[in-house]
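Observations on the three-dimensional arrangement
The lines below spell out each chain.
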Amino acid sequence: MSDQNRLGVFKTYKLYVGGKFPRSESGRVYEVTDSKGQWLANAPQSSRKDARDAVVAARKAFGGWSGATAYNRGQVLYRVAEMLEGRKEQFVREVAASEGLSKSKAAAAVDAAIDRWVWYAGWTDKIGQIAGGPNPVAGPYLNLSTPEPTGVVAVLAPQKSSFLGLVSVIAPVIATGNTAVVIASADAPLPALSLGEVLATSDVPGGVVNILSGATAEIAAPLAAHQDVNAIDLTGADAALAKELEIAAADNLKRVLRPQPVDADSASDSEDWPASPGTHRLTAFLETKTVWHPTGALGAAGSSY
């Protein structure tokens, strides 16, 4: 059979929840197009039920993931980078189509995303050294502070940076021991859904990262109000939606990361994603536990041991 008569096999994109690939509970899909309006694929239109299922999966995975050693989490994240490197060409095609980039610019963005993932993998066993340690005290006791993961984090991925921005918001959440429910870019969800396939074939336990696609506002609303979500990253929300979600998040005192200015008119893609990210996203979803330990005192001079 000649290539001219061959029909291409179109890819069916699915959600990634609890280590599995379900279709949306609603049965809905929506068309994803490239920068020129040409059809690329149908993506699942997630529902509120999908969001709740993702939170259940994330909570179930939290104990094991947060209880793993930081060194082990670093190994797991590095394995993801290895898998991404092996599927680089696929991500280059998807990023180029999703963001309207040339192949060379898309390749540069994918390379940067893989390097970013490796960078965060290296921080897993080091963040405790800069976010914790002994505190100066005046008394016969020791005072030690150590960072701990917050819990389940809802992440609104950037709307325009479909892969580099995506990696930049997911990796620091799970590197610090949290689990994530991620809402992919509404217009460019394909790299995110393909990332789910990479995570499933790496060593990341099911439920540590859950990826949903669809209308950002529709999925984010139940996550912001969910009593079992501990924090939310509003990177992919515009100013009006961010304000609405902040109000909903206040009900159970969620940690909220809101990168864009309060008066911004559009979604926060003003961040310079290729720039060095620093550690602020690593520390954004950490709690600090402080332990006081008496040392006692000996003798009238007050010497301690």
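Structure's up top.
Within each chain, residue numbers correspond to sequence positions counted from 1 in written order. Where totals are concerned, whole chains, interfaces and linings use all residues; where local detail is concerned, this predicted model gives features only for residues with pLDDT of at least 70, and gives and counts side-chain atom pairs only at 80 or more. Here the side-chain values reflect all heavy atoms present in the structure, with hydrogen atoms and water set aside.

Remarks on a nonpolar patch on the surface
Nonpolar side chains (Val, Leu, Ile, Met, Phe, Trp, Tyr) within 5 Å and like charges within 9 Å form the patches, drawn only from residues with over 30% relative accessible area and no salt bridge. Surface accessibility in these figures is a Shrake-Rupley result with a 1.4 Å probe; residues are shielded only by whichever protein chains are displayed. The rule for a salt bridge is simple: a side-chain nitrogen of Lys or Arg has to be within 4 Å of a carboxyl oxygen of Asp or Glu. A cluster of nonpolar side chains, contributed by Leu142, Leu144 and Val291, occupies part of the molecular surface with about 240 Å² of accessible area. Residue classification places Val291 among the partly exposed positions, given a relative accessible area of 41%. Relative accessible area decides the class of each residue, using a 1.4 Å probe on protein chains only: under 20% of the type maximum gives buried, over 50% gives exposed, and in between gives partly exposed.

Here we look at the nonpolar core
What is meant by a nonpolar core is a set of buried Ala, Val, Leu, Ile, Met, Phe, Trp, Tyr and Cys residues, joined one to another through side-chain atoms within 4.5 Å. Residues Trp117, Phe163, Val182, Leu199 and Ile211 are the most contacted members of the largest nonpolar core, which totals 60 residues. Strands are runs of DSSP state E lasting at least two residues, helices are runs of H or I lasting at least four, and both sets are numbered from the N terminus onward. No other element matches helix α6 (residues 164-175), which puts nine residues into this core. Residue contacts are defined here by distance: any two heavy atoms, one from each residue, within 4.5 Å place the two residues in contact. Ile211 has contacts with Leu15, Tyr16, Val182, Ala192, Leu193, Leu195, Gly196 and Leu199, leaving out every residue within four places of it along the chain. Core analysis: the second largest hydrophobic core is formed by 25 residues, Ile219, Ala220, Leu234 and Leu245 among them.

Here's the deal with unusual backbone geometry
Positive phi values are uncommon outside glycine, yet Leu253 reaches one of about 60°. Take Leu253: it is sitting in the loop between α9 (239-249) and β9 (255-257). Judged by its relative accessible area of 75%, Leu253 is exposed.

So, the packing of aromatic side chains
Each pair of aromatic rings taken from Phe, Tyr and Trp, with Trp reduced to its six-membered ring, is defined by centres within 6.5 Å and is described as stacked if the planes are under 30 degrees apart, edge-to-face if over 60, and tilted in the remaining cases. The full count for this structure, using the stated rule, is six aromatic pairs. Consider the rings of Tyr16 and Phe21, whose centres lie 5.2 Å apart with planes at 35°: the pair is tilted. Looking at Tyr16, the relative accessible area reads 2%, which means it is buried. Members of the aromatic cluster, joined through ring pairs, are Trp119, Tyr120 and Trp123. The rule for a charge over a ring is simple: NZ of Lys or CZ of Arg within 6 Å of the ring centre, and within 35 degrees of the ring normal. Directly above the aromatic system of Phe62 lies the positively charged group of Arg59, at a separation of 5.6 Å from the ring centroid.

A look at the sheet that holds strand β5 (residues 152-156)
At least two bridges found by DSSP between two strands are what make those strands a pair. Pairing in this open sheet of five strands is parallel, and the strands run β7-β6-β5-β8-β9 from one edge to the other. A strand with exactly one partner marks an edge of an open sheet, and here the two such strands are β7 (209-212) and β9. Averaged over all adjacent pairs, the angle separating strand axes in this sheet is 15°, with direction ignored. Sheet analysis places β5 next to strand β8 (residues 231-233), joined by three bridges and oriented parallel. The convention used is that axes are lines fitted to C-alpha atoms, helices contributing only their stretch in contact, and that angles between N-to-C directions extend from 0 to 180 degrees.

Quick word on the environment of Leu84
Note that Leu84 resides in helix α2 (residues 70-86). By relative accessible area, which is 1% here, Leu84 ends up buried. For Leu84 and Tyr141, which are 57 residues apart along the polypeptide, the C-alpha to C-alpha distance reads 48 Å. Setting aside its immediate chain neighbours within four residues, Leu84 contacts Phe91, Ile114, Phe163, Leu195 and Val198.

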